[in-house]
Amino acid sequence: MPELPEVETMVRQIRPHVRGAVLRRVVAHDPLLEDAAERVRVPTRVRALGRRGKYVLLRTEAQVVSVHLRMSGRLVWSSARPPEGRVRMEFVFSGGTVYFVDTRRLGMVEVGERFRPRLGREPFGELRWLPRALAGSRRPLKLWLMDQSRIAGLGNIYAAEACHRAGIDPRRPAGSLSRTEGARLARAIRDVLDEAIDEKGSTLRDGGYRDARGALGGFQFRMAVYGREGHPCPRCGTPVQRVVQGGRSTYLCPGCQS
Ligand SMILES: [Zn+2]
């Protein structure tokens, strides 16, 4: 958390404010980010604000500033006062400021001439490549889906929801899916992400996520399995089960995921 839909939501909300605008100053309020703040060459015009996987990418005239929000980070646009919470960094424009708020201080900011991390493909479009990419892998499907070098942007929540929607057990080896199942999974991933972006992301019970305007996401009310241990599956009524995979909770319905 936040995953692709949350990052995409913040980027879409902030983009109109900063695209083409002049970034005047970058201020760190956390020693861990001082180095990054000093390396941003200012003033500079913003060429683009985008997203790649779970990274926010701010492209200036000569650099790329990448922000990874990790567990509790978020970006807030404000033309008035700073938002509540622990502000670790400020990107100051003439018309307002993008605040990097991050209670747990796990988020990261990197500055360079290019964006370096090697990420897998984005989970949009027809995803015709997915069944072939899964072939031959013995890793449990959910862990495969969360591997950012395979497919970029999915985390614990949306990987579990996509597996449920596709009716596939997330513990199965990724390479065991038939072509039909692979195609069903591709559609499920795309639909889950589209819906979550429409809902402006998910705010879990910890309340950590807010969008760039400070509002709550809405997809948590549409989750079928994530965080719903013991509750009936909305498709078949079987109680949702929680299992641990790779040290993290996975939720699935033993009734309709096989
Ligand atoms: Zn079910």
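Residues numbered from 1 in each chain as written. Predicted model: local features only at pLDDT ≥ 70, side-chain atom pairs only at ≥ 80, totals over all residues.

Some thoughts on the overall build of the protein
Here is the rule we go by: Secondary structure elements follow DSSP: runs of H or I no shorter than four residues count as helices, runs of E no shorter than two count as strands, and numbering proceeds from the N terminus. Only C-alpha atoms enter the radius of gyration, while the globule expectation follows 2.2 Å times N to the 0.38, with N the number of residues. Three classes are used. A residue is buried when 20 or more other C-beta atoms lie within 10 Å of its own, exposed when 12 or fewer do, and partly exposed in between, with C-beta atoms placed from the backbone. Contacts here follow a simple rule: the backbone-placed C-beta atoms of the two residues must lie within 7 Å.
A tally of regular secondary structure across the protein gives 6 helices and 11 strands. Its C-alpha radius of gyration of 19 Å places the protein within 12% of the 18 Å reference for a compact globule of 258 residues. Per-residue burial over the protein gives 39% buried out of 258 residues. Here the contacts in the protein between residues at least 6 apart in sequence split such that 61% fall between residues at least 24 apart.

Details of the pairing of strand β1 (residues 22-28)
Along any regular strand, the residues point their side chains to alternate faces of the sheet. Applied cut-off: The pairing criterion is simple: DSSP has to find at least two bridges between the two strands.
Pairing analysis gives 2 bridges linking β1 to strand β2 (residues 44-45), with the strands arranged antiparallel. The residue of β2 that forms the bridge with L23 is T44. The sheet contact formed by β1 and strand β7 (residues 87-93) spans 5 bridges and is antiparallel. By the bridge assignment, V26 is partnered in β7 with F91.

Considering unusual backbone geometry
In most cases, non-glycine residues show a negative phi, while peptide bonds are predominantly trans. The omega torsion across M1 and P2 is -10 degrees, close enough to zero to call that bond cis. With respect to the helices and strands, the residue P2 is situated in the segment before α1 (4-18). Of the consecutive residues V42 and P43, the connecting peptide bond is found in the cis state with omega at -5 degrees. Within the element layout of this structure, P43 appears in the loop between α2 (31-39) and β2. Of note, R105 is a non-glycine position whose phi angle comes to about 60 degrees, a positive value.

Re the nonpolar core
We count it as follows: Buried Ala, Val, Leu, Ile, Met, Phe, Trp, Tyr and Cys residues form a nonpolar core when they are connected through C-beta atoms within 7 Å. Note: domain ranges come from an automatic or database domain assignment.
Grouped together as the largest cluster of nonpolar side chains are 66 residues, with contacts concentrated most on L75, Y158, A162 and L185. Looking at this core, you find at least three residues from each of domain 1 (4-112) and domain 2 (130-252). Leaving out residues up to four positions away in the same chain, L75 has contacts with M10, I14, V56, V67, V98, Y99, F100 and A212.

A closer look at the sheet that holds strand β3 (residues 48-52)
Here is the rule we go by: Each axis is a line fitted through C-alpha atoms, and for a helix only the stretch in contact is used; angles between axes span 0 to 180 degrees, taken between their N-to-C directions.
As summarised here, the arrangement of the 4 strands in space is β3-β4-β5-β9, forming an open sheet in which the pairing is antiparallel. Both outer strands of the open sheet, β3 and β9 (108-112), are each paired with one neighbouring strand and no more. Neighbour to neighbour, the strand axes of the sheet diverge by 20 degrees on average, direction disregarded. Relative to the sheet, α1 contacts β3 and β4 (55-59), its axis offset from that of β3 by approximately 170 degrees.

Considering the packing of α1 against helix α6 (residues 179-198)
Note the cut-off: For classification purposes, an angle smaller than 35 degrees is called roughly parallel, one larger than 145 roughly antiparallel, one from 65 to 115 roughly perpendicular, and anything else oblique. Here a crossing is called left-handed whenever its near helix is offset anticlockwise from the far helix by less than a right angle, and right-handed whenever the offset is clockwise. In this classification, the charged set is Asp, Glu, Lys and Arg, the nonpolar set is Ala, Val, Leu, Ile, Met, Phe, Trp, Tyr, Cys and Pro, and all remaining amino acids, among them Gly, are polar.
Between α1 and α6, the least distance of the axes is 9 Å, while the angle of their chain directions is 40 degrees. When the axes of α1 and α6 are compared, the pair comes out oblique. In this structure, α1 crosses over α6, and the sense of that crossing is right-handed. Contacts between α1 and α6 involve L4, P5, E8 and T9 from the former and L193, A196 and I197 from the latter. Looking at the contact of α1 with α6, its residues break down into 5 nonpolar, 1 polar and 1 charged.

What about the environment of C236?
Along the chain, the position of C236 falls in the loop between α6 and β10 (241-245). Spatially, the C-alpha atom of C236 lies 9.8 Å from that of P254, the residues being 18 residues apart in sequence.

Topic: α1
Rules: Expected helix span is given by 1.5 Å per residue-to-residue step, counting one fewer step than there are residues. The angle between axes fitted to the seven residues ending at a residue and the seven residues starting there is what we call the bend at that residue.
With 15 residues, α1 extends 20 Å from end C-alpha to end C-alpha; this agrees with the ideal 21 Å at 1.5 Å per step. The sharpest bend along α1 measures roughly 25 degrees and falls at R12, with the proline P16 sitting one to four residues further on. Among the residues making up α1, those that are buried are L4, P5, E6, V7, E8, T9, M10, I14 and V18. Positive backbone phi, approximately 80 degrees, marks G20, located one or two places after α1.

Section: the domain arrangement of the protein
Many authors give the size of an interface as the accessible area that is lost as the parts come together. Once the domains are mapped, the protein shows domain 1 (4-112) and domain 2 (130-252). The C-alpha-based centres of domain 1 and domain 2 are spaced at 28 Å. Across the contact, 17 residues belong to domain 1 and 19 residues belong to domain 2. Going through the elements one at a time, α1 and β6 (73-78) are the ones with two or more residues in the side of domain 1 that touches domain 2. No other element matches α1, which puts 8 residues into the side of domain 1 that touches domain 2. Residue composition of the side of domain 1 that touches domain 2, by class: 8 nonpolar, 4 polar and 5 charged.

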